[in-house]
Structure formats: structure tokens, C-alpha cells
Amino acid sequence: MEKTLLIISSDITGHGHKSITESLCEKVQSHNDVKIFVVDGFSLGKRLLLKIGQSYGPITRNSENLWKVIWKLSALKPHLVDNFIESLIRDNFLKLLEDVKPDMILSVHPNFNGSILNILEKQDIHIPFFTLIADLVNIFPLWADKRAHYIISPTSEAQNKCIEFGIPDEKIKVSGFPVRSRFFPKSYNHRKFYKKGQSLTCLIMSGGEGVGNMKKIAENLLNHFDCNVKIVAGKNLNLKTKLEMSLKAKYGDRVEIYGFTKNIQDLMLSADIAFTRGSPNVMFEAIATNTPLIITGALPGQEEDNPTFAENFNLGVVCKKPKEIKYTLTSLLENNGEKLNEMIVSQRNFINTKAAEDILQFILEVGDPYYEAAKEKLS
């Protein structure tokens, strides 16, 4: 019998939640017994909630300190956030349940865990509810609600945080981070090990919102190395224009500048090394393509420990100051690229290529008995 999985995601707070959702939707093709219905949680709210979601991009682009304050305040009183969002989405969410009639619900955004569980509890609705954490180390308390049937964690580090927040270990499933299939090469042999003297293709990214000092990073690379540089400015059109005006005139064809691109995997696969902030989604897409990473910073709050996470597993190195790019990259290239090549091997050994499939399979296997038991209880 076909089951319906309702996924609560977001299209407007970065690109990571949407990417995770797409990675799961891809796997439905191999499951004839399930269909997925996706909704942007912010669209369920009133106009105020939509404006709150839309503010994420401008705030993270223009004021990291303000974002840090918002993150800390939200973490102090998570139940207040849950109650507030519940009040905004209740009517539309109940109508959604009536229309979709889901057998299971999965939330991939922290703002819609406790709020939806509040609604289900108050309405005495018994639908298995799963949470899929979209961060790596520092997680909002909003991710950790004891009422969820299971919390799916991409890392042991996030699992440990859940336990600190009071979630029983047996309610947490560690899965690996789900990445869309197009980021995985057909064969890891495509990534050639570095050899002394080869010209480099360097990719500079900063997540969907296009934050970070890309200009200085590019200049340090172009001035000190035999390389070409490709820059992805994301949705930040103003940044794209500024980079084109300042870099193209000076460096010509050695520089290519892109806005938001749907084919980022092609740029990653063609690059020898990627420079990016500690966005979990971007980091893991680079790891999936087996592209060595230099992490240039991270948003305060949910991303701040991601660079250290990458270094701990030799998935990348951290270089927060553009002027130190020269020394960081030189160190990676020494001894015929010994450290760079070790990173390539570490990434191959670390990534779970089947994380999305494992997550979907787990939800279907665990959610079905919960759903059937609930139906039996009500009948």
C-alpha cells in the first residue's frame, strides 16, 4: 500500500534545506510504495512568518553580528519560538493535513519541529514525526524535541548535542549528511592526485547567500599561484557585479564569475580545490565531489564549529584570513602535494554515498509500524 511522506522544508533560508529535501525526493524512484509531498514551512504562516524567513539572506549577508544575537536569543527560549510559529501556521497546517493525508511527517527545518508537534499533540493527531537535522555540530535546541518519534542526525557530534538537550540515545539515528546524487562522480578516479608544478583551478564559494571576502581571496590566489579562479557569488547580485568590475579588468580570462548556479556540481568536479565558508550543505557537496577544501569562515551560531569538524576528519583546512591563503595553500602543495592528496583520500573514506537512501529507508521502515499502531489504537 502506498504511503505519503510529508516533508516540511524551506526555499528561502539559504539553500541547504531545499538541497537536502531534493536528495530524498530523488530516492523515491526506487520506492514504488511511497510518494513525497513537500511544503515550504514558511508558506504555511501568515505574511509575518514569510517576511521572517525572507530576512535570513539579507541578515547573513550584511550583519553576522545581528545573526549571532538572533541565534542566541532563539536558543535561550525555544518553546517561545515554537509557540509563536504554532500560532502562525496552525490553520494552514491543519488544512494541509486534511488535503495531503500524510502517513509520516519529516521536518528538515528547526522552526517547524516543536511548532508542528504542538499542533499534533493538541489536536490529538497521531502521525509519526521525524526530524532530520541540517547542521553538523552546533545545533539549535529547536532541533531536539523529545516528542519526535526519531531525530535523524548527520553526525555523531550533532547526536551528542541532542543527548545534551535531553533526547534519549535510542531515539537518535546517525545517518551521514544527505547529498544530491549529481554531486557524486561516477568514479572517484576522476579526481587526479596533485603533481608538483601543475596549474590549479580554484573555486571560491560562499553558500547560496554569497557572503565572505571573495575578492581578497581571489587576489591572493591569482597573485601568488599558477591558477585560474572561478567565483560563485550566489544570490548576491551586488557582489557579483563588484567582483566583475574589480577582478575581470585586472586578471582577464584567469577569472570567471557566476551568480546563483544550478550546476555547481560541474564547477566542483572541474576544480582542484574549493574555498568556501563552513556551510554544511556546501561543505558536503564539495566532499561528495571529492574536492579538497579550504574553509574561509563560518556564520556564528550553527556553523561556527564546522571548520574544526572538517579539520578533525581531514576533510579540509581552515584559513580565515585572506592574507594567509598563500601560506595555507603552499603548505598543502609541499612535497608533491602530500597534504592535499591525503585530504582527497580522507574525503573518499568519510562520505556516506548512500545517506539519502538510508534516511528514506529508515523513515519508511520505522514510521510504518508507528502509523499502523496509531490507527489500531483509534479504531
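Read on for a plain summary of the structure. Given the structure is predicted, the values throughout are model-derived calculations rather than measurements.

On to the sheet that holds strand E10 (residues 273-276). Spatially, 6 strands are ordered E9-E8-E7-E10-E11-E12 in an open sheet, and the strand pairing comes out parallel. Of all the strands in the sheet, the pair left with one neighbour each is strand E9 (255-258) and strand E12 (316-318). Pairwise comparison of adjacent strand axes, ignoring direction, gives a mean angle of 20 degrees for this sheet. Across 3 bridges, the pairing between strand E11 (residues 293-295) and E12 is parallel. Note that in E12 the partner of Ile-294 across the bridge is Val-317. Across the sheet, helix H9 (residues 237-251) is in contact with strand E8 (227-232) and E9; its angle to E9 comes to roughly 170 degrees. With respect to the sheet, helix H13 (residues 325-350) is in contact with strand E7 (200-204), E10, E11 and E12, its orientation differing from that of E11 by roughly 125 degrees.

This part is about the nonpolar core. Grouped together as the largest cluster of nonpolar side chains are 80 residues, with contacts concentrated most on Ile-89, Phe-93, Ile-105, Leu-106 and Phe-130. Not counting residues up to four positions away in its chain, the partners in contact with Leu-106 are Leu-5, Leu-6, Ile-7, Ile-8, Leu-24, Phe-130, Thr-131, Leu-132 and Ile-363.

Turning to the pairing of E8, a few remarks are in order. Of all 6 residues that make up E8, 5 are buried, and the element is covered over most of its length. Strand direction decides the pairing type here: E7 and E8, joined by 5 bridges, are parallel. Within the sheet, the bridge partner assigned to Ile-204 lies in E8 and is Ile-231.

Here the focus is the packing of aromatic side chains. Tallied over the full model, the rule gives 10 aromatic pairs. Seen from their ring centres, Phe-42 and Phe-112 are 5.1 Å apart, and the 85 degrees between their planes marks the pair as edge-to-face. Taken together, the residues Phe-42 in the loop between strand E2 (34-40) and helix H2 (47-54) and Phe-112 in the loop between strand E3 (104-107) and helix H6 (114-122) connect sequence positions 70 residues apart. Measuring from centroid to centroid gives 6.0 Å for Phe-284 and Phe-350, while their planes differ by 50 degrees, and the two rings are tilted. Residue Phe-284 is located in helix H11 (residues 280-288), and its partner Phe-350 is located in helix H13; the two are separated by 66 residues in the primary sequence. With a relative accessible area of 2%, Phe-284 lands in the buried category. Taken together, the ring pairs in this structure connect Phe-177, Phe-284, Phe-309, Phe-313 and Phe-350 into an aromatic cluster.

With that out of the way, let us pick up the pattern of salt bridges. This structure, assessed with the given rule, holds 11 salt bridges. A salt bridge links Lys-161 to Glu-164; the nearest nitrogen and oxygen atoms lie 3.9 Å apart. Of this pair, Lys-161 and Glu-164 both sit in helix H7 (residues 156-164), 3 residues apart, roughly one helical turn. Overall, the relative accessible area of 26% leaves Lys-161 in the partly exposed class. Put simply, Glu-219 and Lys-215 hold a salt bridge, and the shortest N to O gap is 2.8 Å. Taken as a pair, Glu-219 and Lys-215 lie in helix H8 (residues 214-224) at a separation of 4 residues, close to a single helical turn. Look at Lys-215 and you get partly exposed, because its relative accessible area is 33%. Within this structure, Glu-22, Arg-180 and Glu-285 form a network of salt bridges that share partners.

Moving on to unusual backbone geometry. Backbone geometry follows two general trends: most residues other than glycine have a negative phi, and most peptide bonds adopt the trans configuration. The backbone of Asn-335 shows a phi angle near 55 degrees, a positive value even though the residue is not glycine. Mapped onto the elements of the fold, Asn-335 is located in helix H13. Of the residues examined, Asn-335 reaches a relative accessible area of 61% and is grouped as exposed. Of note, the phi angle at Asn-336 is positive, near 60 degrees, even though the residue is not glycine. With respect to the helices, strands and loops of the structure, Asn-336 is situated in helix H13.

Calculation notes
Residues numbered from 1 in each chain as written. Predicted model: local features only at pLDDT ≥ 70, side-chain atom pairs only at ≥ 80, totals over all residues. Heavy atoms only, no water. Pairing = 2+ DSSP bridges. Helix = DSSP H or I, 4+ residues; strand = E, 2+ residues; numbered from the N terminus. Axes fitted to C-alpha atoms, helices over the stretch in contact; angles between N-to-C directions. Contact = heavy atoms within 4.5 Å. Core = buried A, V, L, I, M, F, W, Y, C linked by side-chain atoms within 4.5 Å. Buried < 20%, exposed > 50% of the residue type's maximum accessible area, 1.4 Å probe, protein only. Phe/Tyr/Trp six-rings, centres within 6.5 Å; stacked < 30°, edge-to-face > 60°. Salt bridge = Lys/Arg side-chain N within 4 Å of Asp/Glu carboxyl O.

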